[in-house]
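Summary of structural features
Spelled out from the first residue to the last, the chains are:
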Amino acid sequence: SQQGEEDPQALSIQEGENATMNCSYKTSINNLQWYRQNSGRGLVHLILIRSNEREKHSGRLRVTLDTSKKSSSLLITASRAADTASYFCATHPYNTDKLIFGTGTRLQVFP
Amino acid sequence: DAGVTQSPTHLIKTRGQQVTLRCSPKSGHDTVSWYQQALGQGPQFIFQYYEEEERQRGNFPDRFSGHQFPNYSSELNVNALLLGDSALYLCASSSGGLVEPQHFGDGTRLSIL
């Protein structure tokens, strides 16, 4: 079963706009990771945020983590057509050695 | 520096057959995990290997088995294939387990007829 639920399932925006994706999970975690997947390809790691961190930045990406609400968000600023992909959150539950992926958000950025 | 490589890229099998998928981790990585991704879904964790031992297993039947070799490469074996086993099978590697980012291969697309 998948621990993460992502919202929205699909998102369409114009280039230059910001895109926000949300992820909710169920159990205590060591860390939460965000990945991007282009159609038919493998996943590419974007950001890892540990359970004792609240916010992290990487270039145009900003990730927040609220462990009290068991939720995370990924913000992509000034989006580009090349950002078109599926985005997944993945949690590393406490006391396990597995990564549990969410259902994903399909982002379409129009030129 | 080669990343994670998986072979074959595509495979077609029939129900009841057996299949072996292969993964070479990124150089310097010692931990390999396998995932099954059905169309339109997120990846589902199958198992993780470290030091040639299965360290953690997801909710998959015993028909799914694996192996890690001394050079850290890994195989995923699936017996008695079912139509529902059709999926993209992804391999990921890391050094330090899941506290570090996972590096994924492009997967093996398995189709069961």
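As shown above, the structure is provided for reference.
Quick caveat: nothing in here was measured; it's all calculated off a predicted structure. (Residues numbered from 1 in each chain as written. Chains lettered and ligands numbered in written order. Predicted model: local features only at pLDDT ≥ 70, side-chain atom pairs only at ≥ 80, totals over all residues. Heavy atoms only, no water.)

**What to know about the side chain of Gln33(A)**
The criterion, for reference: Helical segments are the DSSP runs of H or I of at least four residues, strand segments are the runs of E of at least two, and each set is numbered from the N terminus. Under this definition, polar contacts are N or O atom pairs within 3.5 Å; protein pairs additionally need one hydrogen-donor-capable and one acceptor-capable atom, and for neighbouring residues in sequence, both atoms have to be side-chain atoms. Should any heavy atoms of two residues lie within 4.5 Å, those residues are considered in contact.
Counting through the fold element by element, Gln33(A) comes out in strand S4 (residues 29–37). A polar atom in the side chain of Gln33(A) sits 3.0 Å from the side chain of Asn31(A). Here Gln33(A) is in contact with His45(A), Ile47(A), Leu48(A), Phe88(A), Cys89(A), Ala90(A), Leu99(A), Leu98(B), Glu100(B), Pro101(B) and Gln102(B), once residues within four sequence places are set aside.

**Digging into the interface of chain A and chain B**
How big an interface is tends to be expressed through the accessible area that disappears when the partners come together. The condition that has to hold: Here, a salt bridge means any side-chain nitrogen of Lys or Arg that lies within 4 Å of a carboxyl oxygen of Asp or Glu. The classification used treats Ala, Val, Leu, Ile, Met, Phe, Trp, Tyr, Cys and Pro as nonpolar, Asp, Glu, Lys and Arg as charged, and all other residues, Gly among them, as polar.
If you look at the interface, chain A gives 22 residues, while chain B gives 21 residues. If you look at where chain A meets chain B, you find two salt bridges. Among the salt bridges present, the one from Arg41(A) reaches Asp106(B), with a minimum N-O distance of 2.9 Å. Contributing elements (two or more residues each) for the side of chain A that touches chain B: S4, strand S5 (43–50) and strand S9 (85–93) of chain A. A breakdown of the residues in the side of chain A that touches chain B according to their chemical character gives six nonpolar, twelve polar and four charged.

**So, the packing of aromatic side chains**
Counted only if it meets this: Within 6.5 Å between ring centres, the rings of Phe, Tyr and Trp (the latter by its six-membered ring) count as paired, and their orientation is classed by plane angle as stacked under 30 degrees, edge-to-face over 60, tilted in between. Any residue under 20% of the maximum accessible area for its type is buried, any over 50% is exposed, and the rest in between are partly exposed; the area is computed with a 1.4 Å probe on protein chains only.
For the coordinates displayed, the defined rule picks out nine aromatic pairs over all chains. Between Phe101(A) and Tyr35(B) the ring centres are 5.5 Å apart and the planes differ by 90°, which places this aromatic pair in the edge-to-face class. You can see Phe101(A) sitting in strand S10 (residues 100–101) and its partner Tyr35(B) sitting in strand S4 (residues 31–37), one on each of two chains. There is no split in this pair, since Phe101(A) and Tyr35(B) are both buried. What links up through ring pairs into an aromatic cluster is the set Tyr35(A), Phe88(A), Phe101(A), Tyr35(B), Phe45(B) and Phe104(B).

**With respect to the nonpolar core**
In globular proteins that are soluble, nonpolar side chains generally tend to be buried together. Short version of the rule: By nonpolar core we mean a set of buried residues, namely Ala, Val, Leu, Ile, Met, Phe, Trp, Tyr and Cys, connected to one another through side-chain atoms within 4.5 Å.
One finds Met21(A), Leu32(A), Trp34(A), Leu74(A), Ile76(A), Tyr87(A) and Leu107(A) to be the most contacted residues of the largest nonpolar core, which totals 22 residues. Breaking this core down by element, the ones donating at least two residues are strand S2 (10–14), strand S3 (19–24), S4, S5, strand S7 (61–66), strand S8 (71–76), S9 and strand S11 (105–110) of chain A. Setting aside residues up to four positions removed in sequence, Met21(A) forms contacts with Asp7(A), Trp34(A), Ser72(A), Ser73(A), Leu74(A), Ile76(A), Tyr87(A), Thr105(A) and Leu107(A). Formed by 20 residues, the second largest nonpolar core is a distinct cluster that contains Leu11(B), Cys23(B), Leu81(B) and Leu110(B).

**Details of the pattern of salt bridges**
Residues and elements named next belong to chain A. For the structure shown, the criterion picks out eight salt bridges over all chains. Measuring nitrogen to oxygen at the nearest pair gives 3.8 Å for the salt bridge that ties Glu53 to Lys56. Between Arg60 and Asp83 there is a salt bridge; the shortest N-O distance is 2.9 Å. One end of the pair, Arg60, is in the loop between strand S6 (55–58) and S7; the other, Asp83, is in the loop between S8 and S9, and 23 residues separate them in sequence. In this structure Arg60 comes out as partly exposed when scored by relative accessible area, which is 23%. By relative accessible area, Asp83 is classed as buried at 9%.

**A look at the environment of Val44(A)**
Residues and elements named next belong to chain A. In this fold, Val44 is placed in strand S5. Classification of Val44 as partly exposed rests on a relative accessible area of 37%. Sequence-distant contacts of Val44, that is, excluding residues within four places in its chain, are made with Trp34, Tyr35 and Arg36.

**A word on the pairing of S4(B)**
Residue and element names in this part refer to chain B. Going by this rule: Any two strands are treated as partners once DSSP identifies two or more bridges connecting them.
Of all seven residues making up S4, seven are buried, and the element is well covered by its neighbours. In this structure, S4 lies alongside strand S5 (residues 44–50), joined through six bridges in antiparallel fashion. Each residue of the ladder has a partner; that of Val32, found in S5, is Tyr49. Remark: six residues form the turn of the hairpin made by S4 and S5, two consecutive strands paired antiparallel; Gly40 in that turn has positive phi of roughly 80°. Across seven bridges, the pairing between S4 and strand S9 (residues 87–94) is antiparallel. Across the sheet, residue Trp34 finds its bridge partner in S9, namely Cys91.

**Focus: the state of the cysteines**
Stated formally: Count a disulfide wherever a pair of cysteine sulfur atoms falls within 2.5 Å.
The full count for this structure, using the stated rule, is two disulfides over all chains. At a sulfur-sulfur separation of 2.0 Å, the disulfide partner of Cys23(A) is Cys89(A). The S-S bond linking Cys23(A) to Cys89(A) shows a torsion near 65°; that makes this disulfide right-handed. You can see Cys23(A) sitting in strand S3 and its partner Cys89(A) sitting in strand S9, a full 66 residues away along the chain. A relative accessible area of 2% places Cys23(A) in the buried class. Here Cys23(B) pairs with Cys91(B) through a disulfide, and the sulfurs are 1.8 Å apart. Where Cys23(B) bonds to Cys91(B) through sulfur, the torsion about that S-S bond is close to -60°, and the disulfide is left-handed. Placement of the pair is Cys23(B) in strand S3 (residues 19–24) and Cys91(B) in strand S9, with a sequence separation of 68 residues.

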